[in-house]
Amino acid sequence: GESVGLHLPTLSVQEGDNSIINCAYSNSASDYFIWYKQESGKGPQFIIDIRSNMDKRQGQRVTVLLNKTVKHLSLQIAATQPGDSAVYFCALGGRGVTGGGNKLTFGTGTQLKVEL
Amino acid sequence: NAGVMQNPRHLVRRRGQEARLRCSPMKGHSHVYWYRQLPEEGLKFMVYLQKENIIDESGMPKERFSAEFPKEGPSILRIQQVVRGDSAAYFCASSAAGQYNSPLHFGNGTRLTVT
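A brief report on the enclosed structure follows. None of the values given here were measured: they were computed from a predicted structure.

**Observations regarding the overall build of chain A**
Of regular secondary structure, chain A possesses one helix and 11 strands. Reading the helices (α) and strands (β) of chain A from amino to carboxyl end gives β-β-β-β-β-β-β-β-β-α-β-β. The buried share of chain A, reckoned over its 116 residues, is 47%. Summed over its atoms, the accessible surface of chain A is roughly 5,400 Å², and 45% of this surface lies on carbon and sulfur atoms.

Right, here's the structure in full:
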């Protein structure tokens, strides 16, 4: 079945440092991966996505890396800022996983705390 | 350019009452998804709807829960005879297309508390 796990429930980083949040998955049929950011009291906010035909994708201050061989996904945030403090979720989907539509499977989340 | 709108933001119900949660998707989006989130957990899929059709309700409890997305108006998630275990945050998301790799845009949720 599908399962999504995160290596660390809480990550503390100093302001200005780079952050790396990891995610492991088990279903090799997954071919679409997304990172969401959720601030307290708000809904998940889309950060970046990547399809299985890629192993790296960059956005503004964020990079997602996908290693399909070991079924591992990571989110890198450059020059972490206080506003980056939130819970980060990886989510996976894919035609083979969800059978249609965009029924995503979410991980349990990593709390990122940025220390000044 | 409004995003996904959910109301109410907070809803308190006594056990046995009904809860109605509303979701207006982003403009131009005709695909709606409902997710439930328990404290310190990830979001769990409940149901996927297009206008007037339920496409996938595999995550919905078999009893007491129903969802609709009428031709006109918002999508409604209805919970009858609520119990304490229904207390959670309910999030609605919408997408422009029903493709598996079409990003979902979430609302800020309705936090249901059952007393």
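Structure shown, so let's carry the discussion forward.
**What about the side chain of Ser75(B)?**
Residues and elements named next belong to chain B. Mapping serine 75 onto the fold places it in strand β8 (residues 75-79). The exposure class assigned to serine 75 is buried, which follows from its relative accessible area of 0%. A polar contact is formed between the side chain of serine 75 and the side chain of tryptophan 34, at a distance of 3.0 Å. When neighbours within four sequence positions are excluded, serine 75 is seen to be in contact with Leu21, Arg22, Cys23, Val32, Trp34, Leu49, Glu68 and Phe69.

**Structural notes on the state of the cysteines**
Summed over all chains, the structure comprises two disulfides over all chains. A disulfide bridge connects Cys23(A) with Cys90(A), and the sulfur atoms are separated by 1.8 Å. Negative torsions about the S-S bond denote left-handed disulfides, and the value of about 50° found for Cys23(A) with Cys90(A) makes this one right-handed. Pair noted here: Cys23(A) is in strand β3 (residues 19-25) and Cys90(A) is in strand β9 (residues 86-93), with a separation of 67 residues, a long-range link. By relative accessible area, Cys23(A) is classed as buried at 2%. Covalently, Cys23(B) is tied to Cys92(B) through a disulfide, its sulfur atoms 1.8 Å apart.

**Quick notes on the sheet that holds β8(B)**
Residues and elements named next belong to chain B. An order of β1-β3-β8-β7 is seen for the four strands of this open sheet, with the pairing classed as antiparallel. Every interior strand has two partners, whereas the edge strands, β1 (5-7) and β7 (65-68), have only one. Mean inter-strand twist for the sheet, computed between neighbouring axes without regard to direction, equals 15°. As paired elements, β1 and strand β3 (residues 19-24) share three bridges and run antiparallel to each other. Bridge pairing links asparagine 7 to arginine 22 in β3.

**Here's the deal with the pattern of salt bridges**
Residues and elements named next belong to chain A. Scanning the entire structure with this criterion turns up six salt bridges over all chains. Measuring nitrogen to oxygen at the nearest pair gives 2.3 Å for the salt bridge that ties aspartate 49 to arginine 57. For arginine 57, a relative accessible area of 33% puts it in the partly exposed group.

**A few points about the layout of surface pockets**
When its volume is computed, the largest pocket comes out at roughly 500 Å³. Around the largest pocket, the lining is made up of 23 residues, and of these Gln37(B), Leu38(B), Pro39(B), Glu40(B) and Glu41(B) lie nearest the centre. Broken down by secondary-structure element, the contributors of at least two residues to the lining of the largest pocket are β9 and β11 (110-115) of chain A together with β9 (88-95) and β11 (110-114) of chain B. A total of three residues in the lining of the largest pocket trace back to one element, the largest contributor, which is β9(B). Taken together, the residues of the lining of the largest pocket sort by class into nine nonpolar, 10 polar and four charged.

**Considering unusual backbone geometry**
In this chain, Asn7(B) is followed by Pro8(B) through a cis amide linkage whose omega measures -5°. By the element assignment, Pro8(B) lies in the loop between β1 and β2 (10-13). Positioned with a positive phi, Arg61(A) is a non-glycine residue whose angle comes to about 65°. Here Arg61(A) is to be found in the loop between β6 (56-58) and β7 (62-67). Owing to a relative accessible area of 30%, Arg61(A) belongs among the partly exposed residues under this scheme.

So, how was this worked out
- Residues numbered from 1 in each chain as written.
- Chains lettered and ligands numbered in written order.
- Predicted model: local features only at pLDDT ≥ 70, side-chain atom pairs only at ≥ 80, totals over all residues.
- Heavy atoms only, no water.
- Helix = DSSP H or I, 4+ residues; strand = E, 2+ residues; numbered from the N terminus.
- Buried < 20%, exposed > 50% of the residue type's maximum accessible area, 1.4 Å probe, protein only.
- Areas by Shrake-Rupley, 256 points an atom, 1.4 Å probe, with all protein chains shown as cover.
- Polar contact = N/O pair within 3.5 Å; in protein donor to acceptor, adjacent residues only side chain to side chain.
- Contact = heavy atoms within 4.5 Å.
- Disulfide = S-S within 2.5 Å.
- Pairing = 2+ DSSP bridges.
- Axes fitted to C-alpha atoms, helices over the stretch in contact; angles between N-to-C directions.
- Salt bridge = Lys/Arg side-chain N within 4 Å of Asp/Glu carboxyl O.
- 1 Å grid on protein atoms, 1.4 Å probe; cavity = no way out; pocket = protein on both sides within 12 Å on 5 of 7 lines; lining within 4 Å.
- Points joined across faces, edges and corners; volume = space filled by probe spheres on them.
- Nonpolar A, V, L, I, M, F, W, Y, C, P; charged D, E, K, R; others polar.

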